[in-house]
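# Secondary and tertiary structure notes
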Amino acid sequence: MPQIICQILFSLLSIGAIYWFVRNVKKIIRNIRLGKPINRNDQQKKRWITMMKIALGQSKMVTKPIPAMLHLLVYIGFIVINIEVLEIIVDGIIGTHRVFSNLGSFYNFLIGTFECLALGVWLACALFLIRRNVLKIKRFSGIEMTQWPRSDANYILFTEIALMSAFLLMNACDYKLQTIHIQHYTPAGTFPISKWFIQLLPNNINTLIAIERTGWWFHILGIFAFLNYLPYSKHFHILLAFPNTYYSNLNLKGQFSNMTSVTNEVKAILYPNFTPSSTNTAEHFGAKDVQDLNWKSLMDAYTCTECGRCTSVCPANQTGKKLSPRKIMMDTRDRLNEVGKNIDKHGTDFQDGKSLLDNYISREEIWACTTCNACTQICPVNIDPLSIIVELRRYAVMEESQVPHSLNALFNNIENNGAPWKYAPSERLNWAKNSQ
Amino acid sequence: MADFTFPTVAELIAKGETPDLLFWVGCAGSFDERSQKTTRAICQILTHVNIKFAVLGTEESCTGDPAKRAGNEFLFQMQALTNIDILNNYQIKKIVTACPHCFNTLKNEYPELGGIYEVIHHTQLIQELIDSGKITLKDGGHFKGKRITYHDPCYLGRANNVYEAPRHILEQLDGELVEMKRCKQNGLCCGAGGAQMFKEPEQGTKDINMERTSDALDTKPDIIAVGCPFCMTMLRDGVKLSHQEQSVEVLDIAELTLNAAGITH
């Protein structure tokens, strides 16, 4: 294929890939914005520090050292090898070959580093595949881990292995062509890993060039394809981990959100002279569907990479209850995607008669939660399944009065006697009498 | 027995005095027979160190914690606003609680509703008293050679990052503090939080308190130390159902302190 056609083709594919990616990301942003407002723009310094520590520094990964090491390798590999992608894109558009090679010894260092990382990523992904499919680590299973989430995880790992293989193959051919002094393949770069494979490659120059070009195209097209896979996949966490930790809940975990709409109504009951300062009343209390949640909960849902740490520490889940915090997040995302698709197809006013509560998350799940915060503590990207559970409970209690029987008794007792049990306020000092 | 006095705030106010510290007893501390012992222990400690404290007595009401966790924000705010009226009316500045749930609610959720107080948990108060030399935990005695494990209440630990005060007290005892495999940030809930204390658990393979009790029993303890009346109930039930109640005691840190400090009045 003539060079100029390759360049045009490459440029069109790049534009197309970026266009589709941006289009899908915009849909996700639109969906997140369907959520209710919540102010997470305060304490900016603290937010930056949180993001730096938890997303960039992966400080919450260390509780599990082996996956933490492997994940770190893939993460660093992903970031550093993207410098190489930059060169590939420039080469592809302007028709050069290894355009950065005039950086000299620094270029050698770069390529050497990429190769080592590529091997590291390759091995880490292979080990991840073994952990998922051979060792069958418990937290990768569960009722929510149906066919698609399992396949999604495997597709990601296979793709990364394929991309790294193509990269190393491309380099191996390039290096072999360099050693036999083929024009266009001027010596540039060091190849600490791929040089071991050159003996396995054919000696025919045209075949070598063909393999090198195939590796090059496979690598970059693979990256474009992977980029466009992200918005459909749990792997989107590689981008959302950063804003999601920036917008973390910075309050103490014990402080549940205050409902000002309720305060107005309660004050109106308690103080007959009370006039509310603002007249904003909620359409309804709590959450029945995803639009009733705040936007941060929706961002949480798109950030979740289904690692299952939350579920593995959940006291309810460990004792065989149906509740799984990971399922709460996956259900929220699946329902939000469904709502988004409805908007695309039928416009914003369309109602499909379904909701997050009942169609996705059952009552049995939300009532099994002990609000112990183990899930929010362990999440490596500060996702908060608990706030979703509490919003669903608020809807069930305040809009529907549908609560487990014993909780109704609890509410009655508090309302009538000011205690969760059936004791009169006059008995409050009995503890002192008992000591006599 | 007990010649310690525990005035109510109303009584103090009637005498033209105000308490330096309000002891928020909590529902379990008021009504649950086992937790009443913890309440009395805290009162004895406060009396011993001559802190001018008072209780609300019949004027105390549920903080609204279980209602809030269960999603009943109306009921929570009814309770909170009523309690805040009483507390503000008495110009209460500092509160100690015997229950991490009351502690969390008063400390973190009342300020937005107009109730701003310095709120501490009784383990924090005891730690302060030890640090300032007002109480000393005598060596030996009851705890010599005993293995003590501590169960972190969720609403003291993860919810409020109080992990060290209770441990600091236990380290003063002459026993050996042994940690469970899941402790501090990784501590497992006893199963009572989020209003679970007041309802039947959902269907599962076992009860959460049994799972947690087995964590505790794995450390081969003589004493399981707790800092929460609900954890107390859950773990005592767990120990009983594991047929270990003859060899393993579940005690609140206030009771351990009282015993080790030799406070008898």
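Residue positions are given per chain, counted from 1 along the sequence in the order it is written. As they are written, the chains are lettered A onward and the ligands numbered 1 onward, keeping that order. Note on the predicted model: pLDDT of at least 70 is required for a residue's local features to be given, and 80 or more for side-chain atom pairs to be given and counted; whole-chain, interface and lining totals, by contrast, use all residues. Side-chain numbers come from the whole structure's heavy atoms, not from hydrogens or water.

### Here we look at the pattern of salt bridges
When a carboxyl oxygen of Asp or Glu is within 4 Å of a side-chain nitrogen of Lys or Arg, the pair counts as a salt bridge. A full pass over the atoms with the stated rule returns 38 salt bridges over all chains. The residue D331 of chain A makes a salt bridge to K327 of chain A at a minimum N-O spacing of 2.6 Å. You can see D331 of chain A and its partner K327 of chain A sitting in helix 12 (residues 325-346), four residues apart, about one turn around the helix. The two residues D331 of chain A and K327 of chain A agree in class, both being buried. What emerges from the salt-bridge pattern is a single network uniting K181, R182, K206, E211, R212 and D215 of chain B. For the purposes of this entry, the term helix denotes a DSSP run of H or I that reaches at least four residues, the term strand denotes a run of E that reaches at least two, and both are numbered from the N terminus. Only protein chains enter the accessibility calculation, which uses a 1.4 Å probe; a residue whose area is less than 20% of its type maximum is buried, one above 50% is exposed, and one in between is partly exposed.

### Digging into the sheet that holds strand 1 (residues 21-24) of chain B
All names here are of chain B. With respect to topology, four strands assemble into an open sheet ordered 2-1-3-4, the strand pairing being parallel. Every other strand in the sheet has two partners, leaving strand 2 (53-54) and strand 4 (118-121) as the edge strands with one partner each. Two strands qualify as a pair provided that DSSP identifies no fewer than 2 bridges between them. The pairing of strand 3 (residues 94-97) with strand 4 spans four bridges and is parallel. By the bridge assignment for strand 4, V96 is matched with I120. Packed on one face of the sheet, helix 6 (residues 100-109) meets strand 1, strand 3 and strand 4 and runs near 160° to strand 4. Contacts are assigned to residue pairs with any non-hydrogen atoms lying within 4.5 Å of each other. Note on method: axes are straight lines fitted to C-alpha atoms, helices fitted across the in-contact stretch only, with angles between N-to-C directions ranging 0 to 180 degrees.

### Things to note about the sheet that holds strand 5 (residues 147-150) of chain B
Residues and elements named next belong to chain B. Within the open sheet, the four strands sit side by side as 6-5-7-8. Their pairing is parallel. What marks the edges here is a single partner per strand, and that holds for strand 6 (176-177) and strand 8 (249-252). Where strand 5 meets strand 7 (residues 223-226), three bridges bridge the pair, whose relative direction is parallel. By the bridge assignment for strand 7, I148 is matched with I223.

### Brief notes about the domain arrangement of chain A
Residue and element names in this part refer to chain A. Split by domain assignment, chain A resolves into domain 1 (3-32 + 64-246) and domain 2 (260-425). Computed over C-alpha atoms, the centres of domain 1 and domain 2 are 40 Å apart. Between domain 1 and domain 2, the residue contacts involve 22 residues of the former and 29 residues of the latter. Summed over both partners, the accessible area (1.4 Å probe) lost when two parts come together is defined as the buried area. Where domain 1 abuts domain 2, roughly 2,300 Å² becomes buried across the two surfaces, and 55% of that area is made up of carbon and sulfur atoms. Taken as a group, I32, E144 and N244 account for 29% of the area that domain 1 buries against domain 2, more than any other trio of residues on that side. Our count for the contact surface shared by domain 1 and domain 2 stands at three salt bridges. The term polar contact refers here to a pair of N or O atoms within 3.5 Å; inside protein, the definition further demands a hydrogen-donor-capable atom paired with an acceptor-capable atom, and it admits residues adjacent in sequence only when both atoms are side-chain atoms. Across the contact surface, domain 1 and domain 2 share 15 residue pairs in polar contact (both at pLDDT 80 or more). Elements with a minimum of two residues in the side of domain 1 that touches domain 2: helix 1 (3-32) and helix 7 (237-246). For the side of domain 1 that touches domain 2, the element with the highest residue contribution is helix 7, accounting for six residues. Boundaries between domains were set according to an automatic or database domain assignment.

### Considerations on unusual backbone geometry
Despite not being glycine, N373 of chain A shows a phi value in the positive range, around 70°. Mapped onto the elements, N373 of chain A comes out in the loop between helix 14 (363-367) and helix 15 (374-378). Positive phi, normally seen in glycine, also occurs at N161 of chain B, with a value near 60°. Of note, N161 of chain B is situated in the loop between strand 5 and helix 8 (164-172).

### Section: the pairing of strand 3 of chain B
Residues and elements named next belong to chain B. Alignment of strand 1 against strand 3, held across three bridges, turns out to be parallel. When the sheet's bridge partners are listed, W24 is paired in strand 3 with T97. By the criterion used throughout, a crossover qualifies as right-handed when its path from the first strand across the helix to the second strand runs clockwise, the strands pointing away from the viewer. Handedness of the crossover joining strand 3 and strand 4 through helix 6: right-handed.

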